[in-house]
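# Understanding the architecture of this molecule
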Amino acid sequence: PASPHQRQSILDYRDNDVFRYTFGSEDEKSRRIRIAYLSDLLQCRLIRADMKNTEPMKDHSNEKGVRFDLLLETEDDEGRIQLVNLEIQNYQMSDSLSLRSQGYLARIVSDQITIGDQYDFDPVVQVMITNRIPQIKESYEDYLHSHRFFHEIYGERMVEEQCRILWVEMDKLENLEKKPIEEWRISEKIHYMIRFSHAKKKQKIIQ
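Since we're looking at a predicted model, the values are computed, not measured. (Residues numbered from 1 in each chain as written. Predicted model: local features only at pLDDT ≥ 70, side-chain atom pairs only at ≥ 80, totals over all residues. Heavy atoms only, no water.)

## Some remarks on unusual backbone geometry
To keep it simple, the criterion reads: Helix numbering and strand numbering both begin at the N terminus, where a helix is a DSSP run of H or I of at least 4 residues and a strand a DSSP run of E of at least 2.
Positive phi outside glycine occurs at Gln43, with the angle close to 55°. For Glu160, which is not glycine, the phi dihedral falls at a positive 55°. Mapped onto the elements of the fold, Glu160 is located in the loop between strand E5 (144–147) and strand E6 (163–169).

What follows is the structure, given as structure tokens:
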């Protein structure tokens, strides 16, 4: 019979269903993975990361439907609430990923705003996990790219900035192999697993 590691190596965590099941299940193990991963990735100490509805209702018949891979409401140890959308995207859609990510982020914000309020909404982080982003230069070795609202000339961050997009470019994850595995962060290990879980030549590192 196949060992646990051999059975594990068959899975491709880039597959939408496998990704949703691993990170989005309600069992204790999945909950712990979510909290550990997002705490490390977002550099905060989360105490919860609860699943929210991934298919918001349409407001009218012509509205384009949206299905988020994973939409989470997180809370850190200081009581701050934040919405996090985790999206696993395949390479074939790379040309439209930027527009797609902005559309998803805008939808999450608009769904929080109701008539009569003061545009007070919880911060939103859009995490886009994809193999390659053609628009980003090959010379950028880092696989994490954070995009936020900045002044075009002075580069100052927008006052009360509530939205950002974090790109995870998985094809550059092999650069992690240049440093000892003991120095890898939790989020780096999970990103590496997502990208290479199905690759036979990477199983020794993953195990």
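## Quick word on the nonpolar core
To keep things clear, this is the line we draw: For our purposes a nonpolar core is just a set of buried Ala, Val, Leu, Ile, Met, Phe, Trp, Tyr and Cys residues, chained together by side-chain atoms within 4.5 Å. The rule is simple: take the accessible area with a 1.4 Å probe, protein chains only, and divide by the maximum for that residue type; under 20% is buried, over 50% is exposed, in between is partly exposed. Note on definitions: a residue-residue contact is assigned when non-hydrogen atoms from the two residues lie within 4.5 Å.
Within the largest apolar cluster, 31 residues are counted, with the highest numbers of intra-cluster contacts made by Phe19, Tyr37, Leu38, Leu86, Val127, Ile129 and Ile194. Among the secondary structure elements, those contributing two or more residues to this core are helix H2 (16–24), helix H3 (28–41), strand E1 (46–51), strand E2 (70–76), strand E3 (81–89), strand E4 (124–130), E6 and helix H5 (186–196). Ignoring anything within four residues of it in the chain, the contact list for Leu86 reads Phe19, Tyr37, Leu38, Asp69, Leu70, Leu72 and Val127.

## Focus: the pattern of salt bridges
Put simply, the rule reads: We define a salt bridge as a contact between a side-chain nitrogen of Lys or Arg and a carboxyl oxygen of Asp or Glu at a distance within 4 Å.
Throughout the structure, instances matching the rule amount to 19 salt bridges. In this structure, Glu28 engages Arg31 in a salt bridge whose closest nitrogen and oxygen atoms are separated by 2.6 Å. Separated by 3 residues within a single helix, Glu28 and Arg31 lie in helix H3, roughly one turn from each other. The exposure class of Glu28 is partly exposed, given its relative accessible area of 44%. Since its relative accessible area comes to 30%, Arg31 is described here as partly exposed. Across the pair Arg157 and Glu161 runs a salt bridge whose closest N-O atoms are separated by 3.6 Å.

## Re the packing of aromatic side chains
Formally: Paired rings are identified among Phe, Tyr and Trp, the last through its six-membered ring, by centres lying within 6.5 Å, and are further divided according to the angle between planes into stacked (under 30 degrees), edge-to-face (over 60) and tilted (the rest).
Summed over the entire model, instances satisfying the criterion amount to 5 aromatic pairs. Measuring from centroid to centroid gives 4.9 Å for Phe19 and Phe23, while their planes differ by 40°, and the two rings are tilted. Residue Phe19 and its partner Phe23 are both found in helix H2; the two are separated by 4 residues, about one turn of the helix. Overall, Phe19 belongs to the buried group, its relative accessible area being 0%. Ring centres of Tyr192 and Phe196 lie 4.8 Å apart, and the angle between their planes is 55°; this geometry places the pair in the tilted category. Here the residue Tyr192 and the residue Phe196 both occupy positions in helix H5, the gap between them amounting to 4 residues, near one helical turn.

## What to know about the sheet that holds E1
Across a sheet, paired strands are connected by hydrogen bonds in the backbone, their directions being either parallel or antiparallel. Our working definition: Between any two strands, at least two bridges found by DSSP are needed for them to pair. Here, axes are lines fitted to C-alpha atoms. For helices the fit covers the stretch in contact, and angles between N-to-C directions go from 0 to 180 degrees.
The 6 strands are arranged E1-E2-E3-E4-E6-E5 in an open sheet whose pairing can be described as mixed. The open sheet terminates on both sides in strands that have one partner only, identified here as E1 and E5. Averaged over all pairs of adjacent strands, the angle between their axes in this sheet comes to 20°, without regard to strand direction. As judged from the 5 bridges shared by E1 and E2, these two strands associate in the antiparallel manner. Bridge pairing in E2 places Ala49 opposite Thr74. Along the sheet face, H2 touches E1, E2, E3 and E4 and points at about 25° away from the line of E2. Sitting on the sheet, helix H4 (residues 97–110) touches E2, E3, E4 and E6, and the angle it makes with E4 is about 150°.

## Points about the packing of H3 against H5
In a pair of packed helices, the angle between the axes and the distance between the axes together describe the arrangement. Worth spelling out the cut-off: If you view the pair so one helix is near and one far, a crossing is left-handed when the near helix is turned anticlockwise from the far one by less than a right angle, and right-handed when it is turned clockwise. As a working rule, the residues Ala, Val, Leu, Ile, Met, Phe, Trp, Tyr, Cys and Pro are called nonpolar, Asp, Glu, Lys and Arg charged, and the rest polar, with Gly in that last group.
Interhelical geometry of H3 versus H5 gives an angle of 115° and a closest axis separation of 8 Å. Once H3 is placed against H5, the crossing between them reads as left-handed. Contact with H3, carried on its side by Ile33, Ala36, Tyr37, Asp40 and Leu41, involves Ile186, Ser187, Ile190 and His191 of H5 and no other residues of that element. Here the contact of H3 with H5 is composed, by residue class, of 6 nonpolar, 2 polar and 1 charged.

## Looking at the environment of Tyr140
On the secondary structure map, Tyr140 appears in the loop between E4 and E5. Overall, Tyr140 belongs to the partly exposed group, its relative accessible area being 42%. Between the C-alpha atom of Tyr140 and that of Lys172, which follows or precedes it by 32 residues, the distance is 9.0 Å. If we skip the residues at most four places from it in the chain, Tyr140 touches His145 and Lys172.

## Considering H3
As a reminder, the rule being used: Given the number of residues in a helix, its expected span is that number minus one, multiplied by 1.5 Å. Polar contact criterion, stated in full: a pair of N or O atoms within 3.5 Å, where within protein one must be able to donate a hydrogen and the other to accept it, and residues adjacent in sequence count only if both atoms are side-chain atoms.
An ideal rise of 1.5 Å per residue puts 20 Å on 14 residues; H3 measures up with 20 Å between its terminal C-alpha atoms. Among the residues of H3, those classed as buried are Ser30, Arg34, Ile35, Tyr37, Leu38, Ser39, Asp40 and Leu41. Looking at where H3 begins, the residue whose side-chain oxygen comes 3.1 Å from the main-chain nitrogen of Lys29 is Asp27. Just downstream of H3, Gln43 is the residue with a positive phi angle, here 55°.

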